[in-house]
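Examining the three-dimensional arrangement
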Amino acid sequence: DVKVTQSSRYLVKRTGEKVFLECVQDMDHENMFWYRQDPGLGLRLIYFSYDVKMKEKGDIPEGYSVSREKKERFSLILESASTNQTSMYLCASSLGTGGVETQYFGPGTRLLVL
Amino acid sequence: AQSVSQHNHHVILSEAASLELGCNYSYGGTVNLFWYVQYPGQHLQLLLKYFSGDPLVKGIKGFEAEFIKSKFSFNLRKPSVQWSDTAEYFCAVNGYRGAQKLVFGQGTRLTINP
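So, about the overall build of chain A. When you go through chain A residue by residue, the secondary structure sums to zero helices and 11 strands. Put simply, chain A runs from its N terminus to its C terminus through helices and strands in the order β-β-β-β-β-β-β-β-β-β-β. For 114 residues, the compact-globule estimate of 2.2 N^0.38 gives 13 Å, and the C-alpha radius of gyration of chain A, at 13 Å, lies within 12% of that figure. For chain A, the spread of C-alpha atoms along the principal axes amounts to about 40 × 30 × 25 Å. Residues classed as buried in chain A amount to 51% of the 114 residues present. Long-range pairs, those at least 24 residues apart, make up 56% of the contacts in chain A with a sequence separation of at least 6. With an accessible surface of roughly 5,400 Å², chain A has 51% of that area assigned to carbon and sulfur atoms. Averaging the coordinates of the 15 positive side-chain charges in chain A and doing the same for the 15 negative ones gives two points 7 Å apart.

On to the interface of chain B and chain A, then. Contact residues are listed per partner, giving 21 residues for chain B and 25 residues for chain A. Summed over both sides, the interface of chain B with chain A buries roughly 1,900 Å², with 52% coming from carbon and sulfur. A per-residue breakdown of the area chain B buries against chain A is headed by His43(B), Gln100(B) and Lys101(B), which together make up 34% of the total. Joining chain B to chain A, the criterion identifies zero salt bridges.

What follows deals with the packing of aromatic side chains. This structure, assessed with the given rule, holds 13 aromatic pairs over all chains. Taking 5.7 Å as the distance between ring centres and 40° as the angle between the ring planes, the aromatic pair formed by Tyr35(A) and Phe105(A) counts as tilted. With Tyr35(A) in strand 4 (residues 31-38) and Phe105(A) in strand 10 (residues 104-105), this pair connects stretches of sequence that are 70 residues apart. According to the relative accessible area criterion, Phe105(A) is buried, its value standing at 4%. Members of the aromatic cluster, connected to one another through ring pairs, are Phe33(A), Tyr35(A), Phe48(A), Phe105(A), Phe34(B), Tyr36(B) and Phe104(B).

Our focus in this paragraph is the sheet that holds strand 8 (residues 73-78) of chain A. Residues and elements named next belong to chain A. Taken together, the four strands give an open sheet; going across it, the order is 1-3-8-7, and neighbouring strands pair in antiparallel fashion. Each of the sheet's edge strands pairs with one partner strand only, and the pair in question is strand 1 (4-6) and strand 7 (64-70). The sheet shows a mean angle of 20° between the axes of neighbouring strands, taken without regard to direction. Where strand 1 and strand 3 (residues 19-25) come together, three bridges link them in antiparallel fashion. Note on strand 3: the bridge partner recorded for Gln 6 is Cys 23.

On to the nonpolar core. Grouped together as the largest cluster of nonpolar side chains are 29 residues, with contacts concentrated most on Leu33(B), Trp35(B), Leu47(B), Leu48(B), Phe74(B), Leu76(B) and Tyr89(B). Elements with a minimum of two residues in this core: strand 2 (10-14), strand 3 (19-21), strand 5 (32-38), strand 6 (44-50), strand 8 (64-68), strand 9 (73-78), strand 10 (87-94) and strand 12 (108-113) of chain B. Broken down by element, the residue count for this core peaks at four residues, all from strand 10 of chain B. In this structure, Cys23(A), Trp34(A), Leu76(A) and Ala81(A) belong to the second largest nonpolar core, which totals 20 residues.

Thresholds applied
- Residues numbered from 1 in each chain as written.
- Chains lettered and ligands numbered in written order.
- Predicted model: local features only at pLDDT ≥ 70, side-chain atom pairs only at ≥ 80, totals over all residues.
- Heavy atoms only, no water.
- Helix = DSSP H or I, 4+ residues; strand = E, 2+ residues; numbered from the N terminus.
- Rg over C-alpha atoms; globule rule 2.2 N^0.38 Å.
- Buried < 20%, exposed > 50% of the residue type's maximum accessible area, 1.4 Å probe, protein only.
- Contact = heavy atoms within 4.5 Å.
- Areas by Shrake-Rupley, 256 points an atom, 1.4 Å probe, with all protein chains shown as cover.
- Lys, Arg positive; Asp, Glu negative; His and termini not counted.
- Charge placed at Lys NZ, Arg CZ, Asp CG, Glu CD.
- Buried area = accessible area lost by both parts, 1.4 Å probe.
- Salt bridge = Lys/Arg side-chain N within 4 Å of Asp/Glu carboxyl O.
- Phe/Tyr/Trp six-rings, centres within 6.5 Å; stacked < 30°, edge-to-face > 60°.
- Pairing = 2+ DSSP bridges.
- Axes fitted to C-alpha atoms, helices over the stretch in contact; angles between N-to-C directions.
- Core = buried A, V, L, I, M, F, W, Y, C linked by side-chain atoms within 4.5 Å.

Written out as structure tokens, the structure is:
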């Protein structure tokens, strides 16, 4: 079974803090993704990576950056957290580049920015 | 830009009722279509997907979906729901062959009363 793990289930941070969310997958997948999930808005793609050190912006990259130094690990960074970044953050991974591969999701990190 | 619309935000049914959740997308080219489900307290997981061939696709737990190209729709159906189907359901589209970006709908919360 594919396993995608996220470093924290719940996180509380203060406005202006730098926040790191970590994601690790154990199935040697090429692609990794960061989404945020908000009620009534579904999932929105923040960034994704199709290879080590490669990244592409998703639909809502503002205020976020990412890092992928190793194939299995994809980090989401909030440079200066703001209250409108309070959300559920989901990491996912998938194999290959065909466009039809299943994305496997982690359990999510619920971030509260005060 | 691609978009996905799920018209039903919250659906409440009794056990054994039939289910149909609507999903419409906007993209004129070839598409790959997905339904994901998030059971309470669990990871988002794939229910079924369509990428070519028979437009009626079957997924896990008795779910099926029909791709109707002329209507830009990919509705999810189940003939008889169970209490354990209570979950949030997300439709997603990938409109670029070889790309991995998914665009998700807003989600439909399904509540099944025993």
